[in-house]
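Observations on the model geometry
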There are 2 protein chains.
Amino acid sequence: MAAPRQEHDVFQAIADPTRRKILRLLVEKELPISEITDQFPMSRTAIAKHLRVLSEAQLVSGKKIGREKHYRLRPESLAELQEWLSYFEQFWNNKLTMLKYRVEHQEDKNSIVVKPTDLGKAKTNKSREGSEF
Amino acid sequence: MAAPRQEHDVFQAIADPTRRKILRLLVEKELPISEITDQFPMSRTAIAKHLRVLSEAQLVSGKKIGREKHYRLRPESLAELQEWLSYFEQFWNNKLTMLKYRVEHQEDKNSIVVKPTDLGKAKTNKSREGSEF
DNA sequence: ATTAAGTAAAACCATTTGGTTTCATTTAAA
DNA sequence: TTTAAATGAAACCAAATGGTTTTACTTAAT
């Protein structure tokens, strides 16, 4: 890994399977490095470096809590990926197909039921509230 | 680059900016290696290797036409990426926010206007026609 | 006040990656 | 039928990547 001297982008950051798994772990809750390390067959130092790459890509952020450093998921940066992908969807499936996919997969707890009225509202609401999209 | 002996996944394939640009080029139309190379400041051989990586990730396919080899975009493999991303969206923006984003960005020629009726239909239609999602 | 836990940082290493140059092969064109 | 265009493939190279071990620094706990 060494010192990632140049700025890491999101694409680079998610290219590594270990880092993707780390992101998955952090979805659940904040975790200190040691606990993250427990989930992998490599050294704590290696994980720390992966966390650094993720951090530089703004996919996670860490704060010190006592003598531990807790890392937290920062999924907002995935917007870049989403945006990149959406470009290809234009020429691939049409948006409606994507919408269908989304809606069909809304069986999880955090999902929101999308009603026609909501969509209509969204369609005219140009302001994207919240950070960056 | 060397010989990519182990199977390349999509995440790896799109990690490189040159490869992402190649994909963008191929959105427009099929292109022979030489024409692709014209768009970059590197050798034809380098581009050929990038195409090999993309090919192994099933993001492009090539067919010989005369003495040229034409490459074509295979966006279906991006589904894997989309699926991975959608997992995080559950905990990030809710689906509605994503829908809003989509709909707000439908000012291109190929887009489909999503009407509330369409969404309603999609929501109950479980069959995902066409290749793979 | 010591000791142990948790991390940070540096030095090191093998493999992969992204590029090059060179040479061979296939196919279109003069 | 030569010749030139387009590609394929191999050998090579520097830098990046993913890992390790070692040493040092903070902070909690005894």
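From a predicted model like this one, the values you see are computed outputs, not experimental measurements. For every chain, the first residue of the written sequence is number 1, and numbering continues from 1 along that sequence. Here the convention is simple: chains get letters from A, ligands get numbers from 1, in the order in which they are written. Totals for whole chains, interfaces and linings use every residue, but because this is a predicted model, local features are given only for residues with pLDDT of at least 70 and side-chain atom pairs only at 80 or more, for both listing and counting. Note: side-chain values were computed over all heavy atoms of the structure, leaving out hydrogens and water.

**Some remarks on the overall build of chain A**
How we decide: For helices the rule is a DSSP run of H or I covering at least 4 residues; for strands it is a run of E covering at least 2, with both sets numbered from the N terminus onward. Residue contacts are counted whenever heavy atoms from the two residues lie within 4.5 Å of one another. Accessibility throughout is a Shrake-Rupley quantity obtained with a 1.4 Å probe, and a residue counts as covered only by protein chains that appear here.
Along chain A, the regular secondary structure elements total seven helices and three strands. The helix and strand sequence of chain A, counted from the amino end, reads α-α-β-α-α-β-β-α-α-α. Sequence separation of 24 or more characterises 53% of the internal contacts of chain A that already satisfy a separation of 6 or more. Surface summary for chain A: the accessible area is close to 7100 Å², and the carbon and sulfur share equals 48%.

**A short note on the pairing of strand E3 (residues 68–73) of chain B**
Residue and element names in this part refer to chain B. The following threshold applies: Two strands form a pair only when DSSP identifies at least two bridges running between them.
When strand E1 (residues 31–32) meets E3, the two strands line up antiparallel, connected through two bridges. Each bridged residue has a counterpart across the sheet, and for Pro 32 the counterpart in E3 is His 70. Where strand E2 (residues 60–65) and E3 come together, six bridges link them in antiparallel fashion. Among the inter-strand pairings, Ile 65 is bridged to a residue of E3, identified as Glu 68. Between the antiparallel neighbours E2 and E3 lie two residues, among them Gly 66 with a positive phi of about 65°.

**Description of the pattern of salt bridges**
Residues and elements named next belong to chain A. Filter applied, for reference: Here a salt bridge means any side-chain nitrogen of Lys or Arg lying within 4 Å of a carboxyl oxygen belonging to Asp or Glu. The rule is simple: take the accessible area with a 1.4 Å probe, protein chains only, and divide by the maximum for that residue type; under 20% is buried, over 50% is exposed, in between is partly exposed.
Summed over the entire model, instances satisfying the criterion amount to eight salt bridges over all chains. Between Glu 56 and Arg 52 there is a salt bridge, with its nearest N and O atoms 3.6 Å apart. Of this pair, Glu 56 and Arg 52 both sit in helix H4 (residues 44–56), four residues apart, which is roughly one turn of that helix. For Glu 56, a relative accessible area of 24% puts it in the partly exposed group. Residue Arg 52 is classed as partly exposed on the basis of its relative accessible area of 42%.

**Concerning the nonpolar core**
As a reminder, the rule being used: Remark: nonpolar core denotes a set of buried residues (Ala, Val, Leu, Ile, Met, Phe, Trp, Tyr, Cys) joined through side-chain atoms within 4.5 Å.
By size, the foremost hydrophobic cluster in this structure holds 56 residues, and its most contacted members are A:Ile36, A:Leu81 and B:Ile36. If sequence neighbours within four positions are ignored, B:Ile36 has contacts with B:Ile22, B:Leu25, B:Leu26, B:Leu31, B:Ile47, B:Leu51 and B:Tyr71.

**Details of H4(A)**
All names here are of chain A. We count it as follows: One less than the residue count of a helix, multiplied by 1.5 Å, gives the span that helix is expected to have.
In a regular helix each residue adds 1.5 Å, so 13 residues correspond to 18 Å; H4 covers 18 Å between its end C-alpha atoms and thus fits that length. The inward-facing, buried residues of H4 abut helix H1 (10–13), helix H2 (17–28), helix H3 (33–38), strand E2 (60–65) and strand E3 (68–73). At the C-terminal side of H4, Gln 58 shows a positive phi close to 60°.

**Notes on the packing of aromatic side chains**
Selection rule: Aromatic rings from Phe, Tyr and Trp, with only the six-membered ring used for Trp, were paired whenever their centres fell within 6.5 Å, and each pair was classed as stacked if the ring planes differed by under 30 degrees, edge-to-face if by over 60, and tilted otherwise. We count a charge as sitting over a ring when the NZ of a lysine or the CZ of an arginine lies within 6 Å of the ring centre and within 35 degrees of the ring normal.
Per the stated rule, a full pass over the model turns up six aromatic pairs over all chains. A centroid spacing of 5.5 Å and a plane angle of 75° characterise the contact between A:Phe11 and A:Trp84, whose relative ring orientation is edge-to-face. One end of the pair, A:Phe11, is in helix H1; the other, A:Trp84, is in helix H5 (residues 78–89), and 73 residues separate them in sequence. You can call A:Trp84 buried: its relative accessible area is 7%. Among the aromatic residues, ring-to-ring pairing joins A:Phe11, A:Trp84, A:Tyr87 and A:Phe88 into one connected group. Geometry around B:Tyr87 places A:Arg24 over its ring, the cationic atom sitting 3.6 Å from the centre.

**What about the environment of A:Ser55?**
All names here are of chain A. Following the sequence through the fold, Ser 55 ends up in helix H4. Judged by its relative accessible area of 29%, Ser 55 falls in the partly exposed class. Linking Ser 55 and Ala 13, residues 42 residues apart in sequence, is a C-alpha distance of 9.1 Å.

**Quick word on the sheet that holds E3(A)**
Pairing is antiparallel across the open sheet formed by three strands, whose spatial order is E1-E3-E2 (chain A). Every interior strand has two partners, whereas the edge strands, strand E1 (31–32) and E2 of chain A, have only one.

**Description of the sheet that holds E2(B)**
An order of E1-E3-E2 (chain B) is seen for the three strands of this open sheet, with the pairing classed as antiparallel. Because the sheet does not close on itself, it has two edges, and the strands there are E1 and E2 of chain B.

**Some words on the confidence of the model for chain A**
All names here are of chain A. Under the convention used in this document: pLDDT is a per-residue confidence score from the predictor, ranging from 0 to 100.
On average, residues of chain A score 75 in pLDDT, and 63% of them are at 70 or above. Here residues 2–6 scores under 50 on pLDDT; set against residues more than four positions off or in separate chains, the count is five contacts. Taken together, the stretch residues 106–133 has pLDDT below 50 and engages in 43 contacts with residues farther than four places along the chain or on a different chain.

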